[in-house]
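# Results of the structural survey
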Amino acid sequence: MPRYVARQLANMLVTLLVVSMLVFALNELTPGDVARKLLGPYASQEQVDVLYEELGLDQPVAVRYAEWLGKALTGDFGESYVHRRAVSEVLWDRLANTLLLAAVSFAVIVPFSVLLGVLAGMRERSPIDRSVSVFSSVCASIPEFAMGVFLLAIFVVWLGVLPGTSPLTTSGGWPVWSQFVLPVLVVTFYDAGYLISMIRTSMVEVMRQPYVRTAVLKGMPFRRVVTRHAMRNAIITPFTVILLQLNYLVSGLVVVETVFAYPGFGRLMLEAALAKDIAVIEAGALVAVAVTMLTQLIGDLGYMALDPRIRV
Amino acid sequence: MNDVGQDIARPAERSLAEAGAETRNAGRLARLRRAATASSVGTIGAAIVGFWVFCAIFAPWIAPYPPNQVDPALVADPYPSADHWLGVDHLGRDIASRLVWGARTVLTVAPVAVLGAAALGTMLGLLAGYRGGRTDAVIMRVGDTLLAFPKIILYLIVIARFGASALNIVLVITLTAAPIIARIVRAVTLDVKNRDYVAAARLRGESTFYILAYEILPNARGPLAVDFFLRLGYTIIAIGVLGFLGVGLPPPDPDWGGMVKEAYGMIFVWPHMTLIPAAAISSLVIGFNFLAAGLREAELDG
């Protein structure tokens, strides 16, 4: 086990290194552009040249990459020219906000989808199964921005019971908790659609197992068969998928954050992309990939813990 | 780690096991017809998709107005009326016409992107599975690195660097989808490459290309077909999302996600300008996902 973790961590470091090279090369292979982007189209060529030297852009790419990497390892990702602050200051704040939103959503999504998935999968092709399947398929089909717009039209424009933006301040007159309701709902509908169908499939497979049939035939009440015998095994397989949703929840929230003006990591990346804020893009890409790989590793470990048959 | 986690994470790959790979005798059209009629879900999906495909093909004849025709006088009363039966947007452009032309845009870009990904992914998957060894390791390693990027972040990085255009969207979608398709094809290839009929073909002296294309690839048809429609759905969402985030197809040509974005600020005054395109994109994705569900059932039964 420790060897497995060590190998995966090493694997992760290599991938991160490759990713950092790719992103760096993509953005800074033509250094003239960097200075030009920073100063905007109206700066004179002299100004561009001065900045060019100040930033050390006259150095070879390899040297600049090594310097950037060295600083990045100490947590110094340079300065965001949009925010006029160190990237690390902006980044961690925004990431914390997104993690908060992700945690709340996760706490809603998991019980909701386990419940519906198990209900649907315990009797294959029953009316419940059909309706839950259609429901989850429809939910997973509606893009988050469309779902956001629909919910906004109902709860904000029509009923007026919830705030339409979530800046996480009380200046709009709405308490902070109420600003979480709509973003969490949107994420739940979109994401649960997928999870429900995974759990349903797994539940259907478990219910076909001989040991379930034995339990039913020996006269055990159906409810008990489901809750005691089938459910636990049905949740093992989707467990990894559930944890992979954490990854979506951290970096896939761009849309929801944009719809509701939520100050999170995804919107930071979007703004950086639109403004070509290179330092932020580079740091954000690394963070996003690291989060993805970490959740995968945790998922695998959890999977092994749940299912003792799997050993490395 | 990838072996445990990722296989479960990809529904298309699971369906591979479910669908079984033995569907070589049915023609492509026959299978589609079966998908459309095998279940009510499939029928509904086919109807929705058919409607939008019809709109896309006949856009110039159906659309009552030119999609970019601005008429400020109409903004005074933008709501649906006899002349503009879905109303007009904040610039007085006819929403119905823009929807119809938008269908044409999305139903061109999405299939091109998915077909590109399928072609690239199939080739790499066949190669990785059949050759094995170092080829396999390199291809899968590169694929894993691409998959390590959260998709939308990758879009943002590429589009920040190269700008937004239909071509870049197609390229980015191809890049992110090809590794997944390669995994599906590779799994099938590994499964069948040691069967007798493949060995027989090799002994007959067939070329590697022939073996890959005619002996191995047909086995992947079922899973690839299901994946194709699911992926079309995802891709339409992705194109819509990019449009909504303002990094999609450049204006003024109608693009559903972009229409939602443009009118979004006015949702309190004129909600229909936002809700109608949002409903349009949702319906199209639902259509494709239902069609994929029908197809999967047809594969299971057939």
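Keep in mind it's a predicted model, so treat the numbers as computed, not measured.

A word on the overall build of chain B. The number of helices and strands found in chain B is 14 helices and zero strands. Counted from the first residue to the last, chain B has its helices and strands arranged as α-α-α-α-α-α-α-α-α-α-α-α-α-α. Out of the 302 residues belonging to chain B, those deemed buried represent 57%. Within chain B, residue pairs in contact and separated by at least 24 positions form 75% of the contacts whose partners lie at least 6 positions apart.

So, about helix α9 (residues 166-192) of chain B. All names here are of chain B. Compared with an ideal rise of 1.5 Å per residue, which puts 27 residues at 39 Å, α9 spans 38 Å between its outermost C-alpha atoms and is within 8% of the ideal. Largest kink in α9: about 30°, centred on Ala-177, with the proline Pro-179 one to four residues after it. Counting buried positions over the 27 residues of α9 gives 19, a clear majority of the element.

The pLDDT averaged across chain A works out to 83; a share of 94% of its residues lies at or above 70. Mean pLDDT across the secondary structure elements of chain A bottoms out at helix α2 (residues 31-39) of chain A, with 65, and peaks at helix α7 (residues 144-158) of chain A, with 92.

Within the secondary structure, Leu152(A) sits in helix α7. Its relative accessible area of 3% is what places Leu152(A) among the buried residues. When the C-alpha atoms of Leu152(A) and Pro183(A) are compared, they prove to be 9.9 Å apart, with 31 residues separating the residues in sequence. Apart from the residues lying within four places of it in its own chain, the contact partners of Leu152(A) are Val157(A), Gly164(A), Leu182(A), Phe260(A), Tyr264(B) and Ile267(B).

For the rest of this paragraph, the subject is the pattern of salt bridges. Evaluation of the coordinates by the stated rule reveals 14 salt bridges over all chains. For Asp129(A), the salt bridge is made with Arg200(A), and the minimal N-O distance between the two is 2.5 Å. Here Asp129(A), found in helix α6 (residues 127-141), pairs with Arg200(A), found in helix α8 (residues 178-207); they are 71 residues apart in sequence, far enough to count as distant. Taken individually, Asp129(A) and Arg200(A) each receive the classification buried, so the pair is uniform in this respect. Here Arg267(A) and Glu271(A) are joined by a salt bridge, their closest N and O atoms 3.5 Å apart. Residue Arg267(A) and its partner Glu271(A) are located together in helix α12 (residues 265-275), separated by four residues, close to a single helical turn. In this structure Arg267(A) comes out as buried when scored by relative accessible area, which is 19%. Judged by relative accessible area, which is 29%, Glu271(A) ranks as partly exposed. Among the ionic contacts, a cluster of salt bridges with common partners joins Asp89(B), Arg93(B), Arg98(B) and Glu262(B).

The next thing to look at is the interface of chain B and chain A. On the side of chain A, 60 residues touch chain B, which itself brings 49 residues to the contact. Overall, the association of chain B and chain A removes approximately 4,700 Å² of surface from exposure, summing both partners, and the carbon and sulfur fraction of that is 73%. Counting the contacts that link chain B with chain A gives zero salt bridges. For the pair chain B and chain A, the interface holds four residue pairs in polar contact (both at pLDDT 80 or more). Of all the secondary-structure elements, those providing two or more residues to the side of chain B that touches chain A are α1 (2-9), α2 (11-19), α7 (133-148), α8 (151-162), α12 (221-245), α13 (256-264) and α14 (271-301) of chain B. The leading source of residues in the side of chain B that touches chain A is α14(B), at 12 residues.

Turning next to the packing of aromatic side chains. All names here are of chain A. Across all of its chains, the model carries 14 aromatic pairs over all chains by this definition. Ring centres 6.4 Å apart and planes at 70° place the aromatic pair Phe-135 and Phe-189 in the edge-to-face group. Residue Phe-135 is found in helix α6, and its partner Phe-189 is found in helix α8; the two are separated by 54 residues along the sequence. The exposure class of Phe-135 is partly exposed, given its relative accessible area of 32%. Here a set of aromatic residues connected by ring pairs shows up, and it is made of Phe-24, Tyr-65 and Trp-68. Taking the ring centre of Phe-222 as reference, the NZ or CZ of Arg-123 above it sits at 4.3 Å.

Phe145(A), Trp52(B), Leu99(B) and Trp256(B) are the most contacted members of the largest nonpolar core, which has 139 residues in total. Judged by nonpolar contacts, the second largest core, of 15 residues, contains Leu126(B), Ala177(B), Val185(B) and Ala220(B).

Attention shifts here to the side chain of Ser80(A). All names here are of chain A. Mapped onto the elements, Ser-80 comes out in strand β1 (residues 79-80). Given a relative accessible area of 0%, Ser-80 falls into the buried group. Here the side chain of Ser-80 touches Asp-277 through a polar contact of 2.7 Å, side chain to side chain. Ignoring any residue separated from it by four or fewer positions in sequence, one finds Ser-80 in contact with Arg-85, Val-87, Asp-277 and Val-280.

A word on the domain arrangement of chain A. All names here are of chain A. Domains assigned within chain A are domain 1 (2-72) and domain 2 (95-311). The C-alpha-based centres of domain 1 and domain 2 are spaced at 35 Å. Domain 1 puts 16 residues into the contact, and the matching count from domain 2 is 14 residues. Here domain 1 meets domain 2 over a buried area of about 1,400 Å², counting both sides, of which 83% is carbon and sulfur.

How each quantity is defined
- Residues numbered from 1 in each chain as written.
- Chains lettered and ligands numbered in written order.
- Predicted model: local features only at pLDDT ≥ 70, side-chain atom pairs only at ≥ 80, totals over all residues.
- Heavy atoms only, no water.
- Helix = DSSP H or I, 4+ residues; strand = E, 2+ residues; numbered from the N terminus.
- Buried < 20%, exposed > 50% of the residue type's maximum accessible area, 1.4 Å probe, protein only.
- Contact = heavy atoms within 4.5 Å.
- Expected span 1.5 Å × (residues − 1).
- Bend = angle between axes of the 7 residues up to and from the residue.
- pLDDT = per-residue confidence, 0-100.
- Salt bridge = Lys/Arg side-chain N within 4 Å of Asp/Glu carboxyl O.
- Buried area = accessible area lost by both parts, 1.4 Å probe.
- Polar contact = N/O pair within 3.5 Å; in protein donor to acceptor, adjacent residues only side chain to side chain.
- Phe/Tyr/Trp six-rings, centres within 6.5 Å; stacked < 30°, edge-to-face > 60°.
- Lys NZ or Arg CZ within 6 Å of the ring centre and 35° of its normal.
- Core = buried A, V, L, I, M, F, W, Y, C linked by side-chain atoms within 4.5 Å.
- Domains from an automatic or database assignment.

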